[in-house]
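Coordinate inspection notes
In case you want the letters, here they are:
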Amino acid sequence: MQTTHPTRIFLVSLLPFLLSIAAMAQQVTVSGTVKRQHDRESLPYVNILVQATSDSSFISGTVTNDLGIFTLAPMQPGKYLISFSYVGFQPKTEIIEVGRLSKFIDLGTIYLSETTEDLDAFTVSGIREEVEAALDRKVFTLEDNISQLGGSVLQAMQNLPGITIDQNGTVFLRGSDKVAILLDGKQTAITGIGAQSGLENFPASSIERIEIINNPSSKFDATGNAGIINIIFKKEKEEGWRGNVGMIAGVGNLFQKKTSLPGLRDQYRFTPKLNPSISLNYRKDKVNLFLQGDVLWHQQLMKNEFTDRIFNDGTHIQQQYIENRTQPIYNFRTGLDWNPNERNSFTFSGLFNYRAYVDLGDIAYVDVPTDRRVRLWQYYEDEVNQTLFATLTHRYAFLQPGHTLTTSFNYSFRRKDELFYFTNQELDFIGTDTTALIADENIFDFTMDYVKPLRSGRMELGTKQRSRVFPNLITFSPGNNSILDPQLAGSAEYREWLSAVYGNYIYERNKLELEVGLRLEYVKVDYLVDPNHAVYESAGFDYFEPFPSLRASYYLSDNSNFSIFYNRRVDRPEEKNLRAFPTYADPEILSIGNPTLIPQFTQSVESGYKQSFDKGFVYGAVYHRASQNILTRIITEVPGTSRLVAIDQNADRGWNTGVELVWTQKFSKVFTLNANSNIFQNRIGAFDLINAYPDGISFSRGEERALTGNVKLNGVFKLPRSLDFQLTAIYLAPDIVPQGRILARYHIDGGVTKKIQEGKGELFFNASDIFNTLIIQYQLEGNDFTLNSTDFFETQVFRLGYTYRF
């Protein structure tokens with residue numbers, strides 16, 4: 001185990017962190033209808049005037065159309081005086097409050113009474129509220145993340161508040177890996193629970209912004225107890241031809257963290273990275289066409305993991321697991337927005353992702369007491385992943401602005417074609433084996449969302465229907481001296497049907513904002529296992545459950561507000577967790593799914609406070625999550641051997657109670673500091689379970705608690721000559737998992753950008769994990785063994801890039 005250098009700890013504690021958050025004032029469109037009082041006939045050409053209540057200054061004005069409908073130019077949230085005047089009718093004045101949650105409000109029907117009197121002038125005084133962003137989500141622009149320009153979306157996300165990434169590419173939000181990840185607001189076969197590593201497929205340069213929603217409303221899928229991360233692709237908004245081209249080149253693993261055991265292939269060093277990209281957009285009148293393509297080619301040291309298995313009987317096996325990867329990734333995205341008239345709009349978009357990689361794996365197993373190598377396991381893996389995502393959306397706009405009905409159909413397909421060639425060298429023989437996996441995933445989604453603006457808020461109703469089919473086939477081809485268990489091969493099919501309806505009511509009045517929602521969801525999952533499987537039979541689950549949500553905010557002043565949240569969410573086991581077939585990438589620590597898993601349910605409460613001040617703000621939150629049927633993975637021994645098996649399981653209960661703090665301050669024109677900390681108590685209840693393979697191994701563990709968290713600091717320096725510099729430092733404290741603990745991690749990133757060619761071009765240079773300090777260390781405990789693991793995988797990468805916008 002490496003020792004932590006005090007200088008590095010000092011640097012981490014001092015160097016600045018995190019992405020800047022730009023709170024932008026939301027513009028709200030106010031509309032309504034004016035009619036005659038006595039016969040309810042619409043009144044055209046009624047004059048409408050909006051004034052500030054404080055000094056009667058002019059804010060906006062319009063007239064009704066032929067149907068008596070009016071729409072005012074977008075206004076900032078606040079309190080206003082609105083007046084209606086028409087020749088031959090009594091004038092009417094009202095005070096209206098424009099809130100922060102809804103982009104549209106509907107004043108309903110305004111009735112005017114006929115009269116022969118002259119119109120009188122009026123003057124009303126009051127206080128107008130200042131604009132402030134709502135607290136339902138945090139929005140980050142990746143262009144501001146200088147230290148991760150040129151990397152993948154997954155790499156860029158690790159700098160965002162509350163997010164951490166492990167060595168397998170799993171995304172954690174506030175300490176939980178149960179995160180729903182959306183692309184442009186939609187679930188796909190590329191991302192979602194259990195598939196976050198697909199974010200390695202997308203360069204950060206293709207993304208406009210990332211939204212973190214810790215407390216989603218009932219409008220969103222109930223999946224993901226930690227919340228939702230919504231990734232928004234870039235799309236040009238200006239008319240005519242627009243676009244940009246770019247080229248990024250990099251190199252990683254310049255400095256070896258730890259040398260290999262004798263007899264293994266060399267670790268990939270000085271690994272090259274290339275990322276050319278192009279984006280084109282044409283917008284004219286009723287049509288917007290966009291095209292985006294990029295290639296992400298790189299070599300990478302995926303694993304350099306040293307593991308010690310120490311058994312109570314004195315057996316001690318040390319192994320080193322090296323995985324070298326060569327990988328091209330091709331992305332192509334296109335779409336068309338068509339607005340045939342002011343009521344209807346259509347959007348079609350398609351995304352194709354092709355990811356092929358070759359992995360060269362070496363694992364050396366050494367008997368520590370005799371210092372003798374007992375096995376050398378090598379493999380050649382050839383895998384191809386192809387993903388297609390297509391969506392067709394129709395939006396109908398009623399006469400009243402903001403009154404819409406949106407219908408969408410999505411289809412997502414992914415094929416995984418994986419081939420392993422294994423060579424097994426033991427003391428007195430050499431063995432060969434081959435395994436192959438073909439898995440297809442088909443997702444059909446239909447959604448309908450209805451939004452009706454109200455005088456003080458809005459109403460949202462909707463439904464989602466989803467069908468998901470995932471057939472897969474794994475075949476074993478035993479060679480000489482095979483170690484494969486042929487009874488564990490075969491076919492299976494994952495079938496999921498989801499039906500959900502939701503309703504949300506948003507109310508805004510004076511300084512109060514209230515959002516109340518309920519989602520009803522029925523899910524049925526069948527996992528059909530090959531009847532010849534040696535361990536598992538077909539299984540599945542179903543439920544019909546309510547998922548309520550609540551958010552209330554109160555503005556104590558123009559610069560401060562207080563919010564409370566509540567929601568109930570679910571995490572369903574994914575196909576890979578249910579898959580009843582082992583992977584032999586490491587034959588002495590097999591990984592197998594479990595078709596008997598059931599969903600994990602979580603309830604969350606949170607209270608938050610935001611205080612804005614000159615050139616900055618502070619946001620603090622206290623939260624608590626309680627989960628049952630925790631989805632995890634448990635390792636048990638194979639009796640009579642030194643081999644282990646990791647099987648997906650449901651533990652009992654778990655709780656997270658924590659405090660999150662976000663602080664942004666612009667100290668001068670040159671320097672801005674952002675800081676984020678998330679400190680929480682992780683508590684895992686006692687549980688007992690049985691691992692079915694190889695033959696009903698019992699495991700139990702008592703209750704555990706740990707105070708843990710992370711701190712991120714980000715400093716941005718605006719220097720002369722259009723030069724920007726950023727330093728980012730991240731520290732993650734030790735934490736517990738259901739079978740042990742993960743030790744502390746820390747690293748520092750940095751980058752610099754310079755605008756050239758009158759702002760159309762940009763050069764950048766950055767480095768991730770500058771000091772090469774990021775390693776992952778686990779300590780796990782079984783019935784009669786201890787497993788200690790340290791992964792010195794590639795984290796240090798230097799990149800140089802250029803983009804040109806035209």
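Cut-offs and rules
- Residues numbered from 1 in each chain as written.
- Predicted model: local features only at pLDDT ≥ 70, side-chain atom pairs only at ≥ 80, totals over all residues.
- Heavy atoms only, no water.
- Helix = DSSP H or I, 4+ residues; strand = E, 2+ residues; numbered from the N terminus.
- Buried < 20%, exposed > 50% of the residue type's maximum accessible area, 1.4 Å probe, protein only.
- Contact = heavy atoms within 4.5 Å.
- Areas by Shrake-Rupley, 256 points an atom, 1.4 Å probe, with all protein chains shown as cover.
- 1 Å grid on protein atoms, 1.4 Å probe; cavity = no way out; pocket = protein on both sides within 12 Å on 5 of 7 lines; lining within 4 Å.
- Points joined across faces, edges and corners; volume = space filled by probe spheres on them.
- Nonpolar A, V, L, I, M, F, W, Y, C, P; charged D, E, K, R; others polar.
- Pairing = 2+ DSSP bridges.
- Axes fitted to C-alpha atoms, helices over the stretch in contact; angles between N-to-C directions.
- Salt bridge = Lys/Arg side-chain N within 4 Å of Asp/Glu carboxyl O.
- Phe/Tyr/Trp six-rings, centres within 6.5 Å; stacked < 30°, edge-to-face > 60°.
- Core = buried A, V, L, I, M, F, W, Y, C linked by side-chain atoms within 4.5 Å.
- pLDDT = per-residue confidence, 0-100.

1. Concerning the overall build of the protein
- Broken down by element type, the protein carries three helices and 44 strands.
- Counting only residues that meet the buried cut, the protein has 55% of its 806 residues in that class.
- Across the protein, the fraction of contacts at a sequence separation of at least 24, relative to all contacts at a separation of at least 6, is 70%.
- Counting only carbon and sulfur atoms, one obtains 56% of the accessible surface of the protein, whose full area is about 33000 Å².

2. Examining empty space enclosed by the protein
- Tallying each qualifying case throughout the model produces six cavities of 30 Å³ or more.
- Taken together, Arg174, Asn214, Asn215, Asn225, Ala226, Ser604, Val605, Glu606, Tyr623, His624 and Arg625 form the lining of the second largest cavity.
- Elements with a contribution of two residues or more to the lining of the second largest cavity: strand S28 (600-613) and strand S29 (616-628).
- Its residues assigned to classes, the lining of the second largest cavity comprises three nonpolar, five polar and three charged.

3. A short note on the sheet that holds strand S30 (residues 631-637)
- One open sheet holds the three strands; their spatial order is S27-S31-S30, and the pairing between them is mixed. In the strand order of this sheet, the two ends are held by strand S27 (589-592) and S30, each with one partner. Strand-to-strand twist in this sheet, taken as the mean axis angle between neighbours without regard to direction, amounts to 30°.

4. A word on the environment of Lys219
- Inspection of the secondary structure puts Lys219 in the loop between strand S12 (207-213) and strand S13 (227-233).
- Excluding residues within four positions of it along the chain, Lys219 makes contact with Asp449, Glu460, Tyr502, Asn504 and Arg519.

5. What to know about the environment of Ile630
- Counting through the fold element by element, Ile630 comes out in the loop between S29 and S30.
- Through-space distance from the C-alpha of Ile630 to that of Ala651 is 4.9 Å; in sequence the pair is 21 residues apart.
- In this view, Ile630 contacts Gln600, Gln649, Asn650, Ala651, Asp652, Arg653 and Gly654; residues no more than four positions away in its chain are not counted.

6. Considerations on the pattern of salt bridges
- Taken as a whole and assessed by the stated rule, the structure comprises 40 salt bridges.
- One salt bridge in this structure joins Asp769 and Lys257, with 4.0 Å as the shortest N-O distance. Taken together, the residues span a long stretch of sequence, with Asp769 in the loop between strand S41 (761-768) and strand S42 (776-781) and Lys257 in the loop between strand S14 (240-252) and strand S15 (271-284) at a distance of 512 residues. Both residues of the pair, Asp769 and Lys257, belong to the buried class.
- Of the charged contacts in the structure, one is a salt bridge between Glu305 and Lys303, with a shortest N-O distance of 3.3 Å. Here Glu305 and Lys303 have matching classes, each one buried.
- Taken together, the shared-partner salt bridges connect Arg414, Glu441, Arg466, Arg468, Glu496 and Glu574 into one network.

7. Section: the pairing of strand S16 (residues 287-311)
- In terms of burial, S16 is a largely internal element, 19 of the 25 residues being buried.
- In this structure, S15 lies alongside S16, joined through ten bridges in antiparallel fashion. Bridge pairing in S16 links Arg283 to Asn288.
- Here S15 hands over to S16 after two residues, with Asp285 in that stretch at a positive phi of 55°.
- In the sheet, S16 pairs with strand S17 (residues 316-338) via 23 bridges, with the strands oriented antiparallel. Considered in S17, the bridge of Asn304 is made with Ile322.

8. Quick look at the packing of aromatic side chains
- Here the structure, examined in full by the defined rule, presents 26 aromatic pairs.
- Relative to Tyr282, the ring of Trp241 lies with its centre 5.0 Å away and its plane at 45°, an arrangement referred to as tilted. Of the two residues, Trp241 is situated in strand S14 and Tyr282 in strand S15; the sequence distance between them amounts to 41 residues.
- On the accessibility criterion, Tyr282 (28% relative accessible area) is partly exposed.
- A ring pair is formed by Phe306 and Phe792, whose centres lie 5.8 Å apart and whose planes are at 80°; its orientation type is edge-to-face.

9. Observations regarding unusual backbone geometry
- Cis geometry marks the peptide bond from Tyr693 to Pro694, where omega comes out at 5°.
- In this fold, Pro694 is placed in the loop between strand S34 (687-691) and strand S35 (697-701).

10. Some points on the environment of Leu461
- Assignment of secondary structure puts Leu461 in strand S22 (residues 457-478).
- Put simply, Leu461 and Lys219 are 242 residues apart on the chain and 7.9 Å apart in space, counted from C-alpha to C-alpha.
- Contact partners of Leu461, with chain neighbours within four places excluded, come to Met448, Asp449, Tyr450, Tyr502 and Gly503.

11. Points about the nonpolar core
- Counting residues in each nonpolar core, the largest one holds 44 residues, and the members touching the most others are Trp377, Tyr379, Phe476, Tyr527, Tyr543, Tyr584 and Tyr693.
- Other than its neighbours up to four places away in sequence, Tyr584 contacts Trp377, Phe422, Phe476, Ile483, Leu484, Asp485, Leu488 and Leu590.
- If you look at the next biggest cluster of nonpolar residues, it comprises 21 residues, including Phe140, Ile165, Val179 and Leu183.

12. A few points about the sheet that holds strand S1 (residues 29-36)
- With mixed pairing, the three strands of this open sheet are ordered in space as S4-S1-S7. For this open sheet the edge positions go to strand S4 (69-71) and strand S7 (104-112), each flanked by a neighbour on one side alone. Ignoring strand direction, the axes of neighbouring strands in this sheet form an average angle of 20°.
- In this structure, S1 lies alongside S4, joined through three bridges in antiparallel fashion. Of the residues in S4, the one forming a bridge with Thr33 is Ile69.

13. Quick look at the confidence of the model for the protein
- Here the protein averages 85 in pLDDT, and 89% of its residues register 70 or above.
- In the model of the protein, helix H1 (residues 6-14) stands out as the element of lowest mean pLDDT, 38, in contrast to strand S43 (residues 785-791), which has the highest, 97.
- Taken together, the stretch residues 1-25 has pLDDT below 50 and engages in 76 contacts with residues farther than four places along the chain or on a different chain.
- Ignoring residues within four places in sequence, the model shows residues 116-134, a span with pLDDT below 50, making 50 contacts including any to other chains.

14. Digging into the side chain of Ser60
- By the element assignment, Ser60 lies in strand S3 (residues 58-63).
- On the accessibility criterion, Ser60 (6% relative accessible area) is buried.
- For Ser60, the contacting residues outside a window of four places in its chain are Ile48, Leu49, Val50, Leu72, Ala73 and Met75.

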